[in-house]
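Each chain is listed here by its residues.
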Amino acid sequence: MSLGTDVLALAYLVSAALFILGLKGLTHPSSARRGNSFAISGMVIAVVATLLDGGIHSYGFIIAGIIIGGTIGTVIAMRIEMTAMPQLVALLHSFVGLAAVLVAIGTWLNRDAAGLLNPTLAAELAVGTFIGAVTFTGSLVAFGKLQGLVSGAPLSFSGQHLLNLLLGIAMVGCAIWFWSDYSATPLLLMTAIALLLGILLIIPIGGADMPVVVSMLNSYSGWAAAATGFTLQNNLLIITGALVGFSGAILSFIMCRAMNRSFFSVILGGFGAEESGDESISAAAAERGVKAAAVEDAAFFIENASKIIVIPGYGMAVAQAQHALKELMGVLEDKGITVVFAIHPVAGRMPGHMNVLLAESDIPYENVKEMEEVNPEFSTADVALVVGANDITNPAAKSDSSSPIYGMPILEVSKAAHVFVIKRSLKPGYSGIDNLLYYQDNCSLIFGDAKEMCEALFTELKGGH
Amino acid sequence: MSETLVALYIFALACFIGYQVIWGVTPSLHTPLIALTNAISGIIIVGAILVTGSENTSATTQWIGFIAVTLASINIFGGYFVTHRMLSMFRKKK
C-alpha cells in the first residue's frame, strides 16, 4: 500500500498543526490535557502516514522497535516518582540525541550505497551528528548528576576551556574532511569528538544550575531533530525540531533571568560548591545570632494568623514533604486561614518542578502562585513558612551589591510579619553564601527534616483547641 | 529555489511560531512542557522508520535503524504518558 507524496505531505502538515495546538494547550491547566491529546494524535498520524508511504519496504524491525520501545517507555512513565522527573527528562533527551546520531549514520550508509551523497547532504549530516552526539552524552552526564550517580559538584580542571576549543577545532576539521570525501573515517572521528565534547560541556556545571541544563538539553534535542529533518528533507521534523528547540531555549532564558546569571556563565560552569559537612547546629546558630524556634512556637503564630504563605524549595522535594504540606493546608483552611504557596522560577531541579509536586499532593493550582504575582502579598501575610528553600529568599540579593547573587529576583519573604524557616542545619544554599533572612528579628529557624517538621506542625495544630 | 532553501524557510517560520507559543505557556506547567516537548521530539521516529525500511537497506543499517526506532518509541510513549500523569494531577479547588 502506498500513499502519494502529496497525501503524505498533507498528513505531516496536520501533524505539525496538532503539535502546535498541543503546546498551546499548556497555556492553562484547564486546557492542558486536551493539548496532550492533540499532540498524541499528531504523532499517531505522522507515524501511520510514514508507515503507509511507498518508501517503506520492510516492517519487521520497525514494528519490533515500536513494541519494545513503547513497552519500556510506558513502564518507566508509570513507575517514575514525580520527584525524579528531572532525571527522567534528562534520560529521554539523551535518547533523542542518540537516535539522531543513528539516523544520521543510517542515512549516510543508505545514501552512500545508492551513490546519492552530495556536499549539501554531507554538511547537513555533519551538523546532525554533532548536535545529536553532544545531546546524547551531555544528557547522560546530567542524568548521572541528577540521579546522584556522579557528584553534583562542578568538575573543572585547568585548561578545560582550551581543551574544548581544540576539540571544537578538530571537529570542524573532520567535518570539512567528511564534506570533501564522504568517507567513514572523518564521520566516525567527528562523532567520537562530539560525544567527548558533550561530556566535557556538562561536567563543569554544578547541580544547582540543573534547571538551566535540563532546559538547554531540551533545546538541543529539538535542534537535533530539526537537523535530521534537513538531512531527510522532512518538513515535519524541521517544524517539530524548531518548536522543541525554541521551547528549551526560552526556558533556559527564563531560568537564567530568574538567577540573574548570563547563559554564558552557566555554560562555563564552576558555580556552586559541594555542600559542607555537618556542624553542631544549635551552637552554630546561637553563635551567629540566629533564633531557633520549637514547632510549638511556630504553631502558635500560625494558629493566630489569617494568612500564611508557604515557600517550597528543593529541600521539600528531597524530604518528600509535599503530602505533609497538603495535610497542614487542610487543617489550616478548616480554621479559616488562607494558605498560599509561592513558587520561585528556579525552585527545584527543573522548571516548574515545585508545581508538579504540589499538584501531586492534591493542592489546587489556585493556591499556587508565581513570584511576580505573590511578592506584593508578603506584606499582608502574618506568617511565611519556608520549607527547604534558601537562596531564593535571601534579601542580600536586593541589599548587598557585593553578594554573588546580587540582582537575582527573590521571593520577598522578609516582609511577612513572622517568618519560620524549616531547615536541617545552617548550611548555606548552593551559592555557598549566608542567608541574611535568618538574622532578621522577625525570622526564626526550625531545625529538622522538612517532612517531619510539617507533620509535627500538623499534629500540633490539629490537637490544640 | 532549492529544496534546502525551502526547508530553511519552513525552519525559520516554525521558529517564530515556537517563540510565540512557548511564551504563552504558564510557568506552573513548565515541567509538563518539557515532558511534552520530549514526547514530540520523538518525531525523530519518522527518520528512523525511513532509514530502517527503505529499499535495499543493508542488515547493519536495519539494526541501526531498529535501535533508533526503539529509542524514539521510548521517548514517545514515556513522554506522553508521563505528561498525561502530571496533567491529571493539576486540579481546581473542589
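Source: prediction; values computed, not measured.

## Description of the overall build of chain B
- Along its length, chain B carries four helices and zero strands.
- Going residue by residue from the N terminus, the α and β elements of chain B occur as α-α-α-α.
- Relative to the compact-globule value of 12 Å for 94 residues, chain B shows a C-alpha radius of gyration of 18 Å, a clear excess of over 25%.
- Along the longest, intermediate and shortest principal axes, the C-alpha atoms of chain B span 60 × 35 × 15 Å.
- Relative to its 94 residues, chain B shows a buried fraction of 61%.
- In chain B, once contacts between residues fewer than 6 apart in sequence are set aside, the share between residues at least 24 apart is 67%.
- Surface exposure of chain B reaches about 3,700 Å², of which carbon and sulfur atoms provide 68%.

## A word on the side chain of T26 of chain B
- Note that T26 of chain B resides in the loop between α1 (3-23) and α2 (30-40).
- Here T26 of chain B is in contact with L26, T27, H28 and P29 of chain A, once residues within four sequence places are set aside.

## Some details on the packing of aromatic side chains
- For the structure on display, the rule yields 11 aromatic pairs over all chains.
- Judged by centre distance (5.6 Å) and plane angle (90°), the rings of W63 of chain B and F66 of chain B are edge-to-face. A residue pair is termed a helical-turn pair when its members lie 3 or 4 positions apart in one helix, as W63 of chain B and F66 of chain B do in helix α4 (residues 59-87) at three residues.
- An aromatic cluster is present here, built from W223, F230, F246 and F253 of chain A together with F11, Y19 and W23 of chain B joined pairwise through their rings.

## A closer look at the interface of chain A and chain B
- With 101 residues of chain A at the contact, the number on the chain B side is 79 residues.
- Between chain A and chain B, the buried area comes to about 8,300 Å², and carbon and sulfur atoms account for 77% of it.
- The largest share of the area that chain A buries against chain B comes from L26, M43 and F61 of chain A, three residues that together contribute 9% of it.
- Across the chain A-chain B interface, the total number found is one salt bridge.
- Of the charged contacts in the structure, one is a salt bridge between D362 of chain A and R91 of chain B, with a shortest N-O distance of 2.4 Å.
- Of all the secondary-structure elements, those providing two or more residues to the side of chain A that touches chain B are α1 (5-25), α2 (29-52), α3 (60-79), α4 (85-114), α5 (119-147), α8 (210-232), α9 (235-259) and α15 (353-360) of chain A.
- Top element by residues in the side of chain A that touches chain B is α4 of chain A. It accounts for 17 residues.
- A breakdown of the residues in the side of chain A that touches chain B according to their chemical character gives 61 nonpolar, 30 polar and 10 charged.

## Concerning the layout of surface pockets
- Considering only enclosed or pocket space, the second largest pocket measures out at about 810 Å³ in volume.
- When residues of the lining of the second largest pocket are traced back to their parent elements, those giving at least two are α1, α4 and α9 of chain A together with α1 and α3 (44-53) of chain B.
- When grouped by side-chain class, the residues that make up the lining of the second largest pocket number 17 nonpolar, 11 polar and three charged.
- When residues of the lining of the second largest pocket are assigned to domains, at least three fall in each of domain 1 (1-79) and domain 2 (84-268) of chain A.

## Points about a nonpolar patch on the surface
- Residues M1, L5, V6, L8 and Y9 of chain B make up a contiguous nonpolar surface patch of roughly 510 Å² in combined accessible area.
- Position of L5 of chain B relative to the elements: it lies in helix α1.

## Let's talk about the sheet that holds strand β3 (residues 368-370) of chain A
All names here are of chain A.
- Judged by pairing direction, the sheet is parallel, and its six strands sit side by side in the order β3-β2-β1-β4-β5-β6 without closing on themselves. A single partner strand is all that each edge strand has here, and the edge strands are β3 and β6 (443-447). Put simply, the sheet's adjacent strands are angled 25° from each other on average, direction ignored.
- The sheet contact formed by strand β4 (residues 383-387) and strand β5 (residues 418-423) spans five bridges and is parallel.

## A few points about the packing of α8 of chain A against α1 of chain B
- At a closest axis distance of 10 Å, the pairing of α8 of chain A and α1 of chain B adopts a crossing angle of 155°. The orientation of α8 of chain A with respect to α1 of chain B, classified from their angle, is roughly antiparallel. Crossing hand, α8 of chain A versus α1 of chain B: right-handed. On the side of α8 of chain A, the interface is formed by W223, A226 and F230 of chain A, while α1 of chain B contributes T4, A7, L8, F11 and C15 of chain B.
- Here the residues of the contact of α8 of chain A with α1 of chain B sort into seven nonpolar, one polar and no charged.

## Focus on the pattern of salt bridges
Residue and element names in this part refer to chain A.
- Evaluated as defined, the whole model comprises seven salt bridges over all chains.
- The partner of E303 in a salt bridge is K335, with the nearest N and O atoms 3.1 Å apart. In this pair, E303 sits in helix α12 (residues 295-303) while K335 sits in the loop between α14 (322-334) and β2 (338-343), placing the two residues 32 residues apart along the sequence.
- Under the relative-accessibility criterion, E303 is labelled partly exposed at 23%.
- Two residues, K307 and E377, come together in a salt bridge whose shortest N-O distance is 2.8 Å. Note that K307 is positioned in strand β1 (residues 307-312) and E377 in the loop between α16 (371-374) and β4, a separation of 70 residues in sequence. Side by side, K307 and E377 carry an identical accessibility label, which is buried.
- Several salt bridges share partner residues, and in doing so they unite K307, K369 and E377 into one network.

## Description of the domain arrangement of chain A
All names here are of chain A.
- The assigned domain composition of chain A is domain 1 (1-79), domain 2 (84-268) and domain 3 (280-462).
- Listed by partner, the interface residues are 16 residues for domain 2 and 13 residues for domain 3.
- Buried surface at the junction of domain 2 and domain 3, both sides included, amounts to about 1,200 Å², of which 75% is carbon and sulfur.
- Applying the counting criterion to the domain 2 and domain 3 interface returns zero salt bridges.
- Elements with a contribution of two residues or more to the side of domain 2 that touches domain 3: α4, α8 and α9.
- Here the side of domain 2 that touches domain 3 is composed, by residue class, of 12 nonpolar, three polar and one charged.

Criteria and thresholds
- Once a new chain begins, its residue numbering starts again from 1 and follows that chain's sequence as written.
- Working convention: letters from A go to chains and numbers from 1 go to ligands, in the order in which they are written.
- Given that this is a predicted model, residues contribute local features only at a pLDDT of at least 70 and side-chain atom pairs are listed and counted only at 80 or more, while totals for whole chains, interfaces and linings are drawn from all residues.
- The side-chain numbers reported here are obtained from all heavy atoms of the structure, hydrogens and water having been left aside.
- Working definition: helices are DSSP H or I runs of at least four residues, strands are E runs of at least two. Numbering for both runs from the N terminus.
- The size measure is the radius of gyration over C-alpha atoms, and the globule rule it meets is 2.2 Å times the number of residues to the 0.38 power.
- A simple rule labels every residue: compare its accessible area, found with a 1.4 Å probe on the protein chains alone, to the largest value its type can have, and call it buried under 20%, exposed over 50%, or partly exposed in between.
- We call two residues in contact whenever any of their non-hydrogen atoms come within 4.5 Å of each other.
- Per-residue and other accessible areas follow the Shrake-Rupley method at a 1.4 Å probe size, with only the shown protein chains counted as cover for residues.
- Pairing of aromatic rings covers Phe, Tyr and Trp, the last through its six-membered ring, and needs centres within 6.5 Å; plane angles under 30 degrees mean stacked, over 60 mean edge-to-face, and all others mean tilted.
- Here's the idea: put two parts together, see how much 1.4 Å probe accessible area each one loses, and the total over both is what we call buried area.
- Here a salt bridge means any side-chain nitrogen of Lys or Arg lying within 4 Å of a carboxyl oxygen belonging to Asp or Glu.
- In this classification, the charged set is Asp, Glu, Lys and Arg, the nonpolar set is Ala, Val, Leu, Ile, Met, Phe, Trp, Tyr, Cys and Pro, and all remaining amino acids, among them Gly, are polar.
- The way it works is a 1 Å grid over only the protein atoms, where trapped points that fit a 1.4 Å probe form a cavity and open points with protein on both sides within 12 Å along at least five of seven lines form a pocket, and then any residue with an atom within 4 Å of a point lines it.
- Grid points are joined across faces, edges and corners, and a volume is the space filled by probe spheres set on the points.
- The split of the chain into domains comes from an automatic or database domain assignment.
- The patch calculation keeps residues exceeding 30% relative accessible area without a salt bridge and links them within 9 Å when they carry like charges or within 5 Å when they are nonpolar (Val, Leu, Ile, Met, Phe, Trp, Tyr).
- Two strands qualify as a pair provided that DSSP identifies no fewer than 2 bridges between them.
- What counts as an axis is a line fitted to C-alpha atoms, over the stretch in contact for a helix, and the angles between N-to-C directions run from 0 to 180 degrees.
- Oblique is the label for every angle not falling under 35 degrees (roughly parallel), over 145 degrees (roughly antiparallel), or within 65 to 115 degrees (roughly perpendicular).
- Handedness of a helix crossing follows the sense of rotation of the near helix relative to the far helix, less than a right angle counterclockwise being left-handed and clockwise being right-handed.

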